[in-house]
Amino acid sequence: MGEAPAFFIDNIQGNISNELNLNSKGYVTTIDVSCNKTYVIGATEKESTPTFEIQILDKSTNKWVIPIVFGTKPKPSKGYSAILLDEDRILVIKGNSSSDDCFWFLEVNTAFVRQQKARLGTEVAAWSKGVIGEAEKPIVISGPSGVGKGTLISKLMEEFPSMFGFSVSHTTRAPRNNEQNGVHYHFTERSIMEKDINDGKFLEFADVHGNLYGTSIEAVDVVADGGKRCILDIDVQGARSVRASSLEAIFIFICPPSFEELEKRLRARGTETEEQIQKRLRNAKAELEQGKSPVLFDHILVNDNLDTCYENLKKLLGLSDGIKISQKSELVVHVPLEHTVARIDQKIVINCGGSELEKSAINSFALDLSSIKGGAPGRTRGLNIYAMGTKIMG
Ligand SMILES: Nc1nc2c(ncn2[C@@H]2O[C@H](COP(=O)(O)OP(=O)(O)O)[C@@H](O)[C@H]2O)c(=O)[nH]1
Ligand SMILES: Nc1ncnc2c1ncn2[C@@H]1O[C@H](COP(=O)(O)OP(=O)(O)O)[C@@H](O)[C@H]1O
């Protein structure tokens, strides 16, 4: 069992404040990581915009290093606690915040951080927001161009608007007449997308029909943040990449009743030139071969009659017996400015103090980190909260 104080310093003196260039309103926490590095996490209010800054003191050389920081930073509060977990990430608990915004992880030696350190040859840290509970498994839908993936997904989203959200992919292809940027795709340039891929922002990407397509980690997280189940419309290569990633999903392959029917639909849609249609049909042959793989896909649906196929899709998603009621708890825990934290194995005990009793029904609870998943550059999910030995969230 270790102990970490909840502390904030409102009058910083000496080398740390000089190096961090904090003004008098800054708040700073130091954490020793391994035996030779001290991480200084400082919240500043430069030009009235609060921000977090990070510096590392390498005790072996006695030098300060400013790391490249990935991920979305938390908005600083006036007090926070920090506790090192397994030498690879620091849990930062924001005071005066509720549980949908108070748990953040500063990753210092996770696989993602090590990968970026090796790529950039410099110190790297990465923020990841902690989220209570787990998101429902995303649904990956693949199949050749023109088979009806988009049509089926639109039907599902129309019938169950509060249940499903679409993962908006990035692509380098030009928008079609009816397509809106940010709704159907994020239309982008290859050089920008390649940089973001290198920065680790993509869950998967692939060259499809001569253009780059990819699912950003943010695209999937945004849907889960809204309490919805994410649907991905991606090609077979992308499905394979997601299968190999840490994201657990359900994989569905949509087949045409025949190759001739596929060609007919593609032409009837009227969105591609003859050259593009030929390219899509050539690729469809390979995709139909790979789509038969039971290792890759959990379900195969033949889209012959649209209504029948849609009913079958709903059936395998457990939706044919009416709308499923969301099991999400609405309970939110408040962590006050002054609190203490202590670590017991994979649990962090947060004591909010007696004075907060009236504000919060729970004045002491345990944050269970034994099932955390994901992490930078996305959210860290699977946190659970228990009050006085009783599980209340997650
Ligand atoms: N790997 C991958 N494939 C994608 C992504 N977004 C779309 N695709 C696939 O790219 C292919 C072409 O999509 P699109 O240009 O919209 O044409 P359509 O399938 O004929 O409607 C389809 O197989 C999509 O499933 C993505 O983010 N990643
Ligand atoms: N079962 C079906 N029978 C006939 N036409 C279909 C069927 N499903 C989809 N379509 C039509 O086929 C075309 C291609 O469908 P679309 O959803 O755009 O395919 P994808 O997203 O897989 O490329 C569209 O014009 C759509 O209306």
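Before going into details, it helps to say that this report is about the structure given with it.

Cut-off values and rules
- Residues numbered from 1 in each chain as written.
- Chains lettered and ligands numbered in written order.
- Predicted model: local features only at pLDDT ≥ 70, side-chain atom pairs only at ≥ 80, totals over all residues.
- Heavy atoms only, no water.
- Pairing = 2+ DSSP bridges.
- Helix = DSSP H or I, 4+ residues; strand = E, 2+ residues; numbered from the N terminus.
- Near = heavy atom within 4 Å.
- Polar contact = N/O pair within 3.5 Å; in protein donor to acceptor, adjacent residues only side chain to side chain.
- Nonpolar A, V, L, I, M, F, W, Y, C, P; charged D, E, K, R; others polar.
- Buried < 20%, exposed > 50% of the residue type's maximum accessible area, 1.4 Å probe, protein only.

1. What about the pairing of strand β17 (residues 202-208)?
Now for step 1: Bridge count for β17 against strand β18 (residues 211-216) is 6 bridges, and the pairing is antiparallel. Bridge pairing in β18 places Phe202 opposite Ser216.
Now for step 2: Here β17 folds back onto β18 in antiparallel fashion, the turn holding 2 residues, of which His209 has a positive phi close to 45°.

2. Notes on the site of ligand 2
Now for step 1: Neighbouring residues of ligand 2: 14 residues in total, closest Gly146, Lys149, Thr151, Arg269 and Asn303.
Now for step 2: Residue Gly150 places a main-chain N or O atom 2.9 Å away from an oxygen atom belonging to ligand 2.
Now for step 3: For ligand 2, a nitrogen atom lies 2.9 Å from a polar atom in the backbone of Asp304.
Now for step 4: Residue assignment for the shell around ligand 2 shows that the elements contributing at least two residues are α3 (149-159) and α7 (259-269).
Now for step 5: Tallied by class, the residues present in the shell around ligand 2 amount to 3 nonpolar, 7 polar and 4 charged.

3. Digging into unusual backbone geometry
Now for step 1: Residue Pro377 is bonded to the preceding Ala376 through a cis peptide linkage, with omega at 5°.
Now for step 2: One non-glycine residue, Asn62, lies in the positive phi region at around 60°.
Now for step 3: By the element assignment, Asn62 lies in the loop between β5 (49-58) and β6 (63-65).
Now for step 4: Here Asn62 falls in the exposed class, since its relative accessible area comes to 59%.
Now for step 5: Even without being glycine, His209 reaches a positive phi, approximately 45°.
Now for step 6: Here His209 is to be found in the loop between β17 and β18.
Now for step 7: When its relative accessible area of 15% is taken as the criterion, His209 is described as buried.

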